[in-house]
Amino acid sequence: MSMMDTMLNYLDQDLPEVYRSMSGRELDERIQKAKKALGDDLVILGHHYQRDDVIQYADYRGDSLQLAKTGAKQKNAKYIVFCGVHFMAETADTLAAPGQTVILPDLRAGCSMADMADIEEVEEAWDVLQETFQDTVIPVTYVNSTAAIKAFVGKHGGTTCTSSNAKQVLDWAFRQKKRVFFLPDQHLGRNTAYDQLGIPLEEMVVWNPKDGKFEEQRGPLDSVRMILWKGYCSVHQKFTPEQVHRIRKRDPEMKVIVHPECSFDVVQLADDSGSTSYIIKVIEEAPAGSRWAIGTEVNLVQRLAQEHPDKHIELLSTTMCPCLTMNRIDRPHLLWALESILEGNPIHVIKVDEETKHWSKVALDRMLTV
C-alpha cells in the first residue's frame, strides 16, 4: 500500500461512525437543522460536478473561481463550506475576506490534474526552460492548480486562466513574451492555442516532468510558442474520437459539445466546445426537441437532462464519467463539517500560508485585469 493510500484510509477513518450509520432521511434532517442554526454565519458552495444529494444544499452553484469569489462576497459568512475539491478550497481561502474560515468536508477530495503539477518539478522545468529559451517565456496556469503553482506563476510575472477566459489570457501573455509555459492541463492549452489563436501544432511541445524532456516536437525548438505541461483531467481524458463517431453513425442529427479539457482529436470532431458555464448556457438556449451528446462530468450531464426534459441530453461516453474525488464529498461528511462548526471545533479547515496566498492572489489579480 502506498503512502497516499495509507493517508486516504486514515482520513476516511476520521469520519465518526455515527455519521456512517445514519439513514438518508436523518442526514437530510440534521443538515437542514444545522444550516438553519448557523444562519448567515454559513455559506455552502457547490461545484457543478458535485453529486445531486449534496448540491441540493448549496447556497451557490458554479465553477471553482466563480464560487471562490462569491464566497468572499458573503461578508456576514464566517464559514465557507466548499463542496468541491482541494484546490478550489485553497482559492476560496486565498480570496476570502478577513475573518472567514474555509472548510472542505472531506480532505480526500483532491484533483488528479492539479496534483500532476508538483511545485518542485515545475521549478526544475522552469530552470530548463530558462536555459533553453532564455527570458522569452511567461508562465500561465489554469485555475485548476494548487496554490503553490499559482504562487509560482505570480512570482514569475505570469497569471492564471479559466476555461472561459483562456483565449484572452493567452492573448495577453503573448504580448508579454514570445512563449507561454502552460500548466497543468495540456489539452486546454493546446485546444485554446490552436482553435482560438491559430497557433499550429508545429509550434507546440509537451514537457514531460517525469523524464525531464520535451515531447511531441514537430519542428525546431526555436519556433516553439506553447510549452504544455504533461497533465490532464482524468474525467475528460476518457472521452474518445470513437465515441463521437459512434454518435454520428447512430444519430447524425445529434450535436456533440465537449469541454476543452478533452483531447485535441475529440475537440476537433465535436460540433462545439467550451467551459462548463458555456455548455450550460448552450443547452439552456437550445431549442426544444434538440439532441445533445455532452462530453463532460456525468453529474452535470444528468442534471442538465433533468432540468431540460424538452431536449434529449446524454453523456457522450457509454460508461459513467464521474469526478471520483469530487464525489467523495457526501452527506455524512457535509453534516460532520456543519456540526463541527456548531460544536466550536471546525474540521478540515483549509489554510494557505501568507506568502503563498500573496503570490497566488497576484496571479489571480493579473487575470482579473486582463
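The rules we used
Residues numbered from 1 in each chain as written. Predicted model: local features only at pLDDT ≥ 70, side-chain atom pairs only at ≥ 80, totals over all residues. Heavy atoms only, no water. UniProt positions renumbered as here; feature names shortened; annotations may be inferred. Contact = heavy atoms within 4.5 Å. Helix = DSSP H or I, 4+ residues; strand = E, 2+ residues; numbered from the N terminus. Buried < 20%, exposed > 50% of the residue type's maximum accessible area, 1.4 Å probe, protein only.

Under an unreviewed UniProt entry, the name given to the protein chain is Quinolinate synthase, and the organism recorded is Thermoactinomyces intermedius. What the UniProt record of the protein chain gives under Pathway (unreviewed entry) is the line "Cofactor biosynthesis; NAD(+) biosynthesis; quinolinate from iminoaspartate: step 1/1." For the protein chain, the Subcellular location (unreviewed entry) comment in UniProt is given as "Cytoplasm".

Tell me what's going on with the UniProt feature "binding site: [4Fe-4S] cluster" (unreviewed entry) in the protein chain, and back it up with residues and numbers.
Those residues carrying the UniProt feature "binding site: [4Fe-4S] cluster" (unreviewed entry) are Cys-111, Cys-233 and Cys-323 in this numbering. For the annotated residues, spread through 213 residues, the largest C-alpha to C-alpha distance comes to 9.3 Å, consistent with a single compact locus. If we skip the residues at most four places from it in the chain, Cys-111 touches Val-85, Phe-87 and Thr-325. Assignment of secondary structure puts Cys-323 in the loop between strand E14 (312-315) and helix H16 (331-342). Not counting chain neighbours up to four residues away, the residues in contact with Cys-323 comprise Val-235 and Glu-297.

So what's going on with the UniProt feature "binding site: iminosuccinate" (unreviewed entry) in the protein chain? Which residues, and what values?
Using the residue numbers shown here, the UniProt feature "binding site: iminosuccinate" (unreviewed entry) corresponds to His-47, Ser-64, Tyr-142, Val-143, Asn-144, Ser-163, His-259, Pro-260, Glu-261 and Thr-276. Relative to the elements of secondary structure, Ser-64 occurs in helix H5 (residues 64-73). Owing to a relative accessible area of 9%, Ser-64 belongs among the buried residues under this scheme. Once residues lying within four places of it in the same chain are set aside, the contact partners of Ser-64 are His-47, Phe-82, Phe-87, Met-88, Val-143 and Asn-144. Among the secondary structure elements, Pro-260 is positioned in the loop between strand E11 (255-258) and helix H13 (264-269).

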